[in-house]
Amino acid sequence: MTDATAPNAPAQQGPTPKPGILDIAPYVGGKSSIAGVAEPMKLSSNENMLGAGEKARAAYEAAVRNIHIYPDGRAGKLRAAVAEVHGLEPERLIFGNGSDEVFALLNQTYLTAGDNIVCGQYGFLAYRISAKACEAEVKLAPEPNFKAEVDALLAQVDDRTRIVYVSNPSNPTGSWNSGEEIRRLHAALPAHVLLVVDEAYAEYVTEPDWETAFPLARDASNVVVTRTFSKIHGLGGLRIGFGYAPVAVAEAVDRIRLPFNVSVPGLEAATAALYDTAHQEASRELITTWKPRLTQALRGFGFEVLPSAGNFVLVVFKGAEEASAANDYLNSKGIIVRPVGGYGLPQALRITIGTEDQNRAVIDALSEFAAT
């Protein structure tokens, strides 16, 4: 036995992460299990409770025979489908392992130590994590009304700002910005600042003042719009997302994107999902039917429920203690929702709109909790 491996030898010092890495709070997804409950109702991750559509599942199963082959690094088939369905130029598309990877690639491409990104106080945590990994600062704009405010975002922009992120609709609050607000924000930004509009929940939006930022991005040199296949298409487990960007941005990102970052089954399932309009309509109908019912019921019990343009609602309790007690009570009934203390909202729970049975179970449980 050598001295280095002796039982009492001092621990060797390994490599030291670069500055800031160990200060990053890791992202924690919604939990998926409850001790003693075999099949809990998981309403914690804004997944599509109808699952993936038949066309996507069939395409995934058929892809199994080709999983020994590397995927098309340019995602040619899916690129053409996205361009056709959304009316976009294929050369301006960036594909990623979920839209999370698109954010990380943009941060890697444009941020250096000492730069900063700006996002709303309650903006999606993924923007911040990869920015900090680039040794950049994260500047948060206050959201006193649980919504990103144009003037508050602009007030945070300075000479070192490189990217402004806006979730539209926003997770976890459910708030949204009108098309006019997004255009006003873009018009006031310096040309060197990239505006990234995250439209993960776009397919669920019914609010008349909301507009996709695709047209704005088409004519601008500093706008990127991202979408995901994890929400309405029900492909969260396959991790597929894309960004629509200026050609110069897409080409710069492509220089650091790993060559096979999207899998063969993922590419095939996502392509099929784009054309499964029946599944998309059924998924939308579930949300448009049950979101107002759930909102009305919970408000009737005395809880504050924020307006939401997504497939979820944010319930705001009187304080963190009541929110924690409500979460524990829901867990006792086999229901998993999402505490959002990590977003600075310890007094709130985010609840994904589920199937009829799941929604009724949530209503029944919170009715009982309100009566305690």
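The rules behind these values
Residues numbered from 1 in each chain as written. Predicted model: local features only at pLDDT ≥ 70, side-chain atom pairs only at ≥ 80, totals over all residues. Heavy atoms only, no water. Helix = DSSP H or I, 4+ residues; strand = E, 2+ residues; numbered from the N terminus. Rg over C-alpha atoms; globule rule 2.2 N^0.38 Å. Buried < 20%, exposed > 50% of the residue type's maximum accessible area, 1.4 Å probe, protein only. Contact = heavy atoms within 4.5 Å. Areas by Shrake-Rupley, 256 points an atom, 1.4 Å probe, with all protein chains shown as cover. Lys, Arg positive; Asp, Glu negative; His and termini not counted. Charge placed at Lys NZ, Arg CZ, Asp CG, Glu CD. Core = buried A, V, L, I, M, F, W, Y, C linked by side-chain atoms within 4.5 Å. Axes fitted to C-alpha atoms, helices over the stretch in contact; angles between N-to-C directions. Parallel < 35°, antiparallel > 145°, perpendicular 65-115°, else oblique. Nonpolar A, V, L, I, M, F, W, Y, C, P; charged D, E, K, R; others polar. Polar contact = N/O pair within 3.5 Å; in protein donor to acceptor, adjacent residues only side chain to side chain. Expected span 1.5 Å × (residues − 1). Bend = angle between axes of the 7 residues up to and from the residue. Left-handed = near helix turned anticlockwise from the far one by under 90°. Pairing = 2+ DSSP bridges. Right-handed = clockwise from strand over helix to strand, strands pointing away. Phe/Tyr/Trp six-rings, centres within 6.5 Å; stacked < 30°, edge-to-face > 60°. Lys NZ or Arg CZ within 6 Å of the ring centre and 35° of its normal.

**Quick word on the overall build of the protein chain**
Within the protein chain, the secondary structure is distributed over 12 helices and 13 strands. Rg of the C-alpha trace for the protein chain: 22 Å, near the compact-globule value of 21 Å for 372 residues, within the 12% margin. Principal axes of the C-alpha set define a box for the protein chain whose edges measure 65 × 55 × 55 Å. Per-residue burial over the protein chain gives 53% buried out of 372 residues. Here the analysis covers contacts within the protein chain between residues at least 6 apart in sequence; of these, 73% occur between residues at least 24 apart. Accessible surface, the protein chain as shown: approximately 16,700 Å² in total, 53% of it carbon and sulfur. Of the side chains in the protein chain, 33 bear a positive and 43 a negative charge, and the two mean positions are spaced by 1 Å.

**Some words on the nonpolar core**
Ranked by internal contacts, the top residues of the largest apolar core, which has 42 residues, are Leu78, Val82, Leu195 and Phe229. The dominant element in this core, judged by the number of residues it contributes, is helix H9 (residues 264-274), at 5 residues. Once residues within four sequence positions are removed from consideration, Val82 is found in contact with Gly87, Leu88, Leu93, Phe95, Phe229, Phe242 and Leu274. Judged by nonpolar contacts, the second largest core, of 34 residues, contains Leu105, Ala131, Tyr343 and Leu345.

**Regarding the packing of helix H10 (residues 277-300) against helix H12 (residues 356-371)**
Closest axis-to-axis distance for the H10/H12 pair is 10 Å, and the angle between their directions is 10°. Relative to H12, the element H10 lies roughly parallel. Of the residues in H12, those touching H10 at Trp290, Leu294, Ala297 and Leu298 are Glu356, Asn359, Arg360, Val362, Ile363 and Leu366. Across the contact of H10 with H12, the residue classes tally to 7 nonpolar, 1 polar and 2 charged.

**Quick word on the side chain of Asn222**
For Asn222, the location among the structural elements is in the loop between helix H7 (214-219) and strand S7 (223-228). A polar side-chain atom of Asn222 sits 2.7 Å from a polar atom in the side chain of His186. Contacts of Asn222, omitting those with residues within four sequence positions, involve His186, Pro190, Ala191, Val193, Leu194, Leu195 and Pro246.

**Focus on H10**
Quick reminder: α-helices carry 3.6 residues per turn. Residues three or four places apart thus point the same way. The end-to-end C-alpha distance of H10 is 35 Å, a good match for the 34 Å that 24 residues give at a rise of 1.5 Å each. Where H10 bends most, the angle comes to about 25°, and this point is Trp290, followed within four residues by the proline Pro292. All of the buried residues along H10 are His279, Gln280, Ser283, Leu286, Ile287, Trp290, Lys291, Leu294, Thr295, Ala297 and Leu298. On its buried face, H10 is in contact with H9, strand S9 (304-305), strand S10 (312-316), strand S13 (345-352) and H12. Once H10 ends, the next one or two residues include Gly302, with phi positive near 100°.

**Thoughts on the packing of helix H2 (residues 76-86) against H9**
For the pair H2 and H9, interaxial distance at closest approach is 9 Å and the crossing angle is 20°. Relative to H9, the element H2 lies roughly parallel. Crossing angle aside, the handedness with which H2 passes H9 is left-handed. Contacts between H2 and H9 pair Lys77, Leu78, Ala81, Val82, Val85 and His86 from the former with Leu267, Glu268, Ala270, Thr271 and Leu274 from the latter. Tallied by class, residues from the contact of H2 with H9 come to 7 nonpolar, 2 polar and 2 charged.

**What to know about the side chain of Thr161**
With respect to the secondary-structure elements, Thr161 resides in strand S5 (residues 161-167). Owing to a relative accessible area of 0%, Thr161 belongs among the buried residues under this scheme. Engagement of the side chain of Thr161 in a polar contact is seen with the backbone nitrogen of Asp158, the distance being 2.9 Å. Apart from the residues within four sequence positions on either side, Thr161 is in contact with Asn116, Val118, Gln156, His192 and Val193.

**Topic: the pairing of strand S3 (residues 116-120)**
With 5 of 5 residues buried, S3 lies mostly within the body of the structure. In this structure, S3 lies alongside strand S4 (residues 137-141), joined through 5 bridges in parallel fashion. Bridge assignment links Cys119 to a residue of S4, and that residue is Leu140. A crossover connection joins S3 to the parallel S4 through helix H4 (residues 125-133); in handedness this β-α-β unit is right-handed.

**Quick word on the packing of aromatic side chains**
Enumeration according to the criterion identifies 13 aromatic pairs in this entry. Between Phe103 and Tyr127, the aromatic rings sit 5.0 Å apart at their centres with planes inclined by 85°, giving edge-to-face as the arrangement. Placement of the pair is Phe103 in helix H3 (residues 99-110) and Tyr127 in helix H4, with a sequence separation of 24 residues. Between Tyr127 and Tyr165, the ring centres sit 4.5 Å apart and the planes meet at 5°, which makes this aromatic pair stacked. Highlighted residues: Tyr127 in helix H4 and Tyr165 in strand S5, separated in sequence by 38 residues. In terms of burial, Tyr127 and Tyr165 fall into one category: buried. Every member of this aromatic cluster is reached through a ring pair, and the members are Phe103, Phe124, Tyr127 and Tyr165. A cation sits over an aromatic face here: Arg293 above Trp290, 4.9 Å from the ring centre. Over the face of the ring belonging to Phe312 we find Arg350, whose NZ or CZ atom lies 5.9 Å from the ring centre.

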